[in-house]
Amino acid sequence: MRTRCMPLVKAAFEDLLSRLGTDYIDLGMIHFVDEAAEFERIMSGEYIDYVRGLKKDGVIRHIGLSTHNPAVAKMAALSGEIEMILFSINPAFDLLPPTEDINQYFADEYDEALGGIAPEREELYRICEHLEVGITVMKGYAGGRLFDARTSPFGVALTPVQCLHYALTRPAVASVMAGYDTPEHVLMAVAYENASAEEKDYASVLARAPHHAYSSGQCTYCGHCAPCPAGIDIAMVNKLYDLASMHREVPAAVRAHYRQLSANAADCTECRGCESRCPFHVPVVERMKLADNLL
Ligand code: SF4
Ligand code: SF4
């Protein structure tokens, strides 16, 4: 049951501590906030007062929030109080615009006009990376619909390893909470640890899918264009460039990260090998020049 009724919330939290046999938890989660109005009520009333009190007393060490709605996740990231967001990320949900109705994410069919990662989601990931708000991923398999070509909106099946790699290559994502029903499901997720680059590769699968939905030229940070003979981590440079270009001034942390790379955009020899390998037709050489100028 989901409730914001304080007597019930307090009783449930105390019950949680008691069941876990602890007097503190590292991350206190405000769960399932999909409506902007509810987020505002939580952050301006007795609910957040209670959470702040728990943090002040050391009963919770950090404050987190879970949501399926990128608009609410953005509000949380900008709040200055939410330090971690549990957010639903997979290649299908990433196409969808913000909504307060979770059922729309599990619709039987998606609008065929959808193209590429929704800008609200890209913005969210960049804001979280910039503000150092960590994202832990839920619904990484879209409830299993991505494992079957008949239910995948791309008309092609993905593997658990490919879905995990997709989530882990979004900016700000620190971890994925993989769901499972059976021991086999656990093994399929743990296989990520020893998976080869080919097994992780979601890019060529999505780009060849019958219902290909990604915009041409949009970098998904998949890494499919590697190896670069100049040693450039092209996916990382593209990610840092995208993070930097959303600000009027390049954030110091982004520039510092860029300058720590063993090779960067200035090392590009314009061989264009990466461009021939990129399934999303990203103009890498042009982006390397832009990144070199900006960073
Ligand atoms: S340039 Fe293309 S292949 Fe390389 S990381 Fe971006 S989308 Fe993937
Ligand atoms: S064009 Fe530049 S970034 Fe791409 S593989 Fe060649 S050297 Fe590397």
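Residues numbered from 1 in each chain as written. Chains lettered and ligands numbered in written order. Predicted model: local features only at pLDDT ≥ 70, side-chain atom pairs only at ≥ 80, totals over all residues. Heavy atoms only, no water.

Asks: Lay out the site of ligand 1 with the relevant residues and their values.
Replies: If you check the shell around ligand 1, you find 14 residues, and the closest are Cys219, Cys222, Gly223, Cys225 and Cys278. Among the residues making up the shell around ligand 1, the classes are represented as 10 nonpolar, 4 polar and no charged. (Near = heavy atom within 4 Å. Nonpolar A, V, L, I, M, F, W, Y, C, P; charged D, E, K, R; others polar.)

Asks: Go over the nonpolar core, please, and point to the residues and values.
Replies: If you look at the biggest cluster of nonpolar residues, it comprises 90 residues, and the most contacted ones within it are Ile30, Ile85, Ile135 and Phe154. Ignoring any residue separated from it by four or fewer positions in sequence, one finds phenylalanine 154 in contact with Pro91, Ala92, Leu95, Leu146, Leu206, Ala209, Pro210, His211, Ala213 and Tyr214. (Core = buried A, V, L, I, M, F, W, Y, C linked by side-chain atoms within 4.5 Å. Buried < 20%, exposed > 50% of the residue type's maximum accessible area, 1.4 Å probe, protein only. Contact = heavy atoms within 4.5 Å.)

Asks: How would you explain the site of ligand 2 if you had to name every residue and give the values?
Replies: What surrounds ligand 2 is the set Cys228, Pro229, Ile232, Ile234, Cys268, Thr269, Glu270, Cys271, Arg272, Cys274 and Val285. The residue makeup of the shell around ligand 2, split by class, is 8 nonpolar, 1 polar and 2 charged.

Asks: Describe the packing of helix α2 (residues 36-44) against helix α3 (residues 46-56), and please don't skip the residues or the numbers.
Replies: Contact geometry of α2 with α3 gives a least axis separation of 4 Å together with a crossing angle of 55 degrees. It follows from the interaxial angle that α2 and α3 lie oblique. Every residue of α3 that contacts α2 at Ile42, Met43 and Ser44 is listed here: Tyr47, Ile48 and Arg52. Within the contact of α2 with α3, the residues separate by chemical class into 4 nonpolar, 1 polar and 1 charged. (Axes fitted to C-alpha atoms, helices over the stretch in contact; angles between N-to-C directions. Helix = DSSP H or I, 4+ residues; strand = E, 2+ residues; numbered from the N terminus. Parallel < 35°, antiparallel > 145°, perpendicular 65-115°, else oblique.)

Asks: Could you give an account of the side chain of arginine 126, with specific residues and numbers?
Replies: The topology assignment puts arginine 126 in helix α5 (residues 119-131). Apart from the residues within four sequence positions on either side, arginine 126 is in contact with Tyr221, Asp242, Leu243 and Met246.

Asks: Any chance you could break down the sheet that holds strand β3 (residues 84-88) for me, citing the residues and the numbers?
Replies: One open sheet holds the 5 strands; their spatial order is β1-β2-β3-β4-β5, and the pairing between them is parallel. Each edge of the open sheet carries a strand with a single partner, namely β1 (25-30) and β5 (173-176). Mean inter-strand twist for the sheet, computed between neighbouring axes without regard to direction, equals 30 degrees. In this sheet, β3 lies alongside strand β2 (residues 60-67) in parallel orientation, the contact comprising 4 bridges. Directly across from leucine 65, in β3, lies its bridge partner isoleucine 85. (Pairing = 2+ DSSP bridges.)

Asks: Run through the pairing of β2, naming residues and quoting values.
Replies: In terms of burial, β2 is largely enclosed, as 6 of its 8 residues are buried. As defined by bridge partners, β1 adjoins β2 across 5 bridges and the pair is classed as parallel. Residue pairing in the sheet places leucine 27 in a bridge with histidine 62 of β2. Assessed by its sense of winding, the connection that carries the chain from β2 through helix α4 (residues 70-78) to β3 is right-handed. (Right-handed = clockwise from strand over helix to strand, strands pointing away.)

Asks: Requested: an account of the packing of aromatic side chains, with residues and values cited.
Replies: Aromatic ring pairs are defined here through the distance separating the ring centres and the angle between the ring planes. This model, assessed by the stated rule, comprises 4 aromatic pairs. Ring centres of tyrosine 141 and phenylalanine 147 lie 4.8 Å apart, and the angle between their planes is 50 degrees; on these two criteria the pair is classed as tilted. The partly exposed category is assigned to phenylalanine 147, whose relative accessible area is 31%. On the numbers, 5.1 Å between centres and 75 degrees between planes, the contact of tyrosine 166 with tyrosine 202 is edge-to-face. Taken together, the positions of tyrosine 166 in helix α6 (residues 160-168) and tyrosine 202 in the loop between α8 (197-200) and α9 (203-207) put the pair 36 residues apart, joining distant regions of the chain. The pair formed by tyrosine 166 and tyrosine 202 is uniform in burial state, with each residue classed as buried. (Phe/Tyr/Trp six-rings, centres within 6.5 Å; stacked < 30°, edge-to-face > 60°.)

Asks: Please provide a residue-by-residue account of α2, values included.
Replies: Residues of α2 that are buried: Glu38, Phe39, Ile42 and Met43. The buried residues of α2 all sit within an arc of 130 degrees when viewed along its axis, so they share a single face. For α2, exposure combined with an orientation more than 90 degrees from the buried face picks out Arg41 and Ser44. Elements in contact with the buried residues of α2: β1, α3, β2 and α4. (Arc of directions from axis to C-beta.)

Asks: I'd love a proper account of a nonpolar patch on the surface, names of residues and values included.
Replies: Together, Tyr180, Val186 and Val190 make up an exposed nonpolar region whose accessible area comes to about 280 Å². Within the secondary structure, tyrosine 180 is located in the loop between β5 and α7 (183-190). (Patch = residues over 30% accessible without salt bridge, like charges linked within 9 Å, V, L, I, M, F, W, Y side chains within 5 Å. Areas by Shrake-Rupley, 256 points an atom, 1.4 Å probe, with all protein chains shown as cover. Salt bridge = Lys/Arg side-chain N within 4 Å of Asp/Glu carboxyl O.)

Asks: Pulling in residues and values, what's your account of unusual backbone geometry?
Replies: The linkage connecting alanine 226 with the following residue, proline 227, adopts the cis geometry, with an omega of 0 degrees. A positive phi angle, close to 60 degrees, is found at glutamate 132, a residue other than glycine. Considering the arrangement of structural elements, one finds glutamate 132 in the loop between α5 and β4 (134-138). For glutamate 132, a relative accessible area of 66% translates into the label exposed. The phi angle at arginine 272 is positive, at roughly 70 degrees, despite the residue not being glycine. Along the chain, arginine 272 turns up in the loop between α11 (252-260) and α12 (273-277).

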